[in-house]
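Notes for the structure review
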Amino acid sequence: MRVLASYLGGQWRPGHGPELPLVNPATEEVLVQVHSQGQDLGAAVEHGRTAGRSALAELTFAQRGELLSTMAKAIHGAREELISLAVENGGNTRSDAKFDIDGASATLAYYAELGHKLGDGKLLADGEVLQVGRTARMGGTHAWLTRPGLAVHINAFNFPAWGLGEKAACALLAGMPVLSKPATATALVAHRLMELFAPLVPKGALQLLCGPAGDLLDHLGPGDVLAFTGSSATARALRGHRNVIEHSVRLNIEADSLNAAVLGPDVDLGSETGQLFLADALRDMTQKTGQKCTAIRRVLVPAERLDEVAAILAERLATIVVGDPSRDDVRMGPVATAAQLRDVRAGIARLAAETAAVFGGTGEVTPRGIAEGRGFFVGPVLRSTRAPLECGALNDHEVFGPVSTLAAYDGSSAAATAIVARGMGGLVTSVYSDDRDWVARMVTGIGPWHGRLFLGSAKMAAQSPGPGTVLPQLVHGGPGRAGGGEELGGQRGLGFYMQRLALEGDASVLKSLLG
Ligand code: NAP
C-alpha cells in the first residue's frame, strides 16, 4: 500500500511506526497510509527557521508575490487531478472540490497581486513619522517587520487545499517560512499540492507534515507563530500547551461557529431578497455536506412565516440526491470520516430531543450508487423550534454536517440579536432585509459577536457569493466560540506574521528607513 510521505528538511520522508489509513468516505476503500511517527520535527522546525527564513528574507514583497503567483498557476494547471483527489478522499462532489481548490488558487493569486502592489520593500510602514520631541527633528513612527521564526499551520479536514493556500499566502508574502500540517484523514490533496510546490519554493520556505502533529509544538520558540483551524476542543489543548504559554508563541485560532441567517420582517419570500435567503440556507446545508465552518446552522424566521419557510425548504431538500460524489447526478456526498459521521448523528439526536422535525428525520438515507451499508452518509436534516433562546442544542453545539434548524422570532431586531448572540461568537451571520434602519440595528446589535456580517438585499442578490464564501479581501475569523482569531482581510492578513515595531529617533533617519 502506498505511504504518503511528508516533505520536511527538503526531502520526502515517509516516517515509520503504526500506519493510519486515508479512506474514500463513499466506499470506505483504503486509498493510502501515513505513518504516525518517525519524523524529526525539531530538525524540520530548525530547517524552516534557518534555510527558509533566510531564503525568503532575500526576496522583496514583489518577488514573494511572484512566488505565490507560480503556486496559484501550479494549482490551476493540476486542477482536474486535484478535483479527482478531493472527490476520492474528501467525499466532495466536483462542485464541492472546486470550491476548495479554486478557493486556494484564487487566494494565492490575490496575495500575489498584493505583493506586486507592495513592491520592492521588505518592511511595511504603519502611519506617518510624527513629531515626538520638542522639535520636528525628534520623530516617532511604526513599522511592520517579518517575525524571526517559523509559521506552523495546522488545518482542519474540510478544506485541505484552501486551508493550506490561504495561510501560506499570508505567511510567505510576509516573509515567514511555513510548516503546514493538514488533517490526516483528507491529506491527499495537500500532499499533491506540496508535490507541485516543492520545485517552486525556496529551500525550507514550505514544508508539509502528513500524519499526527507528534511533538511539533514542543519545538516552538518565541519567534514562531501557530495558526490553527479545527475544533474548539483541539484549540483548547493548543492554547494550554506548555511551550505556547512559556514562549508567548503567537497563536491564531479558527474554531467552531453557530452561524445564523436572519430573515427580516419586511421580506417577501418571492422577492429577490427572499429568494437569496432561501438559496443561501439551502446551499449551506448541502454544500460540502454541511462541513463548512461558515455554514448556516440557525435560520431565524419571523414566527408567522416559519411554516412557509419550512415548507419551501423541505420541498427543495427533497430534490437533493445523496450518494457517490463522483456521479454527475449526485448533489451531496458523504461526510469525511467515520468519526465525523458519529459526531453528526450524535448532534442530530441532541437536536431531535429539543426541536421538531421538518425534513430528513434523523438523517437516514439510501445513497445513490453505493453498495448497501457502505460509506459515511447522512441525509440533510432540517429541524425547527419556536423557543430558540431556551434551546441548548441549537445554541451550544455545532453539528458539523448537513443539518440546520429554523428558529422562530418576533421580527424585532432586539429579539434576533438576543438569539444570535446566544451562539457566543461566530464567524459570519447573514441578515436579509431591504429595510435599512432594521439592518442598521442588526449590525450594531450582532456585529460585535462576529468577524463578518453578510447583508443580503435585493440590490446585491444577483452578484452575491453567499455568506459561506470566504474572500481574501475580507477578514475571516470571529470572537468567542469561533476562536477569537483573524485571518486574511487583504494586507491585514500579513500582520500575524510580522512584528509591529515602534521606532523613535532622528525624523530624517526614520523617513529614509521607511522609504
Ligand atoms: P480537529 O479534530 O480539531 O483537527 C484539526 C487539526 O488539528 C488536524 O490537523 C488535527 O490533526 C490537528 N490536531 C488534533 N489534535 C492535535 C494536537 N493535540 N496537537 C496538534 N494538532 C492536533 O478538527 P477537524 O475535525 O479537522 O475539523 C472540524 C472542526 O473545524 C469543526 O469544528 C469546524 O467548525 C472547525 N473549522 C473551523 C474553521 C474556521 O475557519 N473557523 C474552518 C474549518 C473547520 P489530525 O488530523 O492528524 O488529528
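Computed from a prediction, not measured in an experiment: that's the story for all the values here.

Let's shift gears to the sheet that holds strand S18 (residues 450–456). Taken in spatial order, the seven strands make up an open sheet running S14-S15-S16-S13-S12-S17-S18, and their pairing is mixed. Each of the sheet's edge strands pairs with one partner strand only, and the pair in question is strand S14 (356–359) and S18. Within this sheet the neighbouring strands show an average axis-to-axis angle of 25 degrees, counted without direction. Summarising the sheet, strand S13 (residues 298–302) and strand S16 (residues 403–409) pair through five bridges and their orientation is parallel. Bridge pairing in S16 links Arg298 to Thr405. Each of strand S12 (260–263), S13, S16, strand S17 (426–432) and S18 is contacted by helix H13 (residues 413–421), which is oriented at about 165 degrees to S13, the strand it contacts most.

What follows covers the site of the ligand. Surveying the vicinity of the ligand reveals 26 residues, the closest of which are Asn155, Thr184, Ser231, Thr234 and His476. At a separation of 3.2 Å, an oxygen atom of the ligand approaches a polar backbone atom of Phe157. Relative to its free-state accessible area of 910 Å², the ligand is covered by the protein chains to the extent of 78%. For the shell around the ligand, the elements supplying multiple residues, two or more each, are strand S10 (225–229) and helix H7 (232–239).

What follows is about the pattern of salt bridges. Here the structure, examined in full by the defined rule, presents 18 salt bridges. Between Glu46 and Arg49 there is a salt bridge; the shortest N-O distance is 2.9 Å. Here Glu46 pairs with Arg49, and both are found in helix H1 (residues 41–57), just three residues apart, close to one helical turn. Residues participating in the shared-partner salt-bridge network are Glu46, Arg49 and Asp224.

The rules behind the values
- Residues numbered from 1 in each chain as written.
- Predicted model: local features only at pLDDT ≥ 70, side-chain atom pairs only at ≥ 80, totals over all residues.
- Heavy atoms only, no water.
- Pairing = 2+ DSSP bridges.
- Helix = DSSP H or I, 4+ residues; strand = E, 2+ residues; numbered from the N terminus.
- Axes fitted to C-alpha atoms, helices over the stretch in contact; angles between N-to-C directions.
- Contact = heavy atoms within 4.5 Å.
- Near = heavy atom within 4 Å.
- Polar contact = N/O pair within 3.5 Å; in protein donor to acceptor, adjacent residues only side chain to side chain.
- Areas by Shrake-Rupley, 256 points an atom, 1.4 Å probe, with all protein chains shown as cover.
- Salt bridge = Lys/Arg side-chain N within 4 Å of Asp/Glu carboxyl O.

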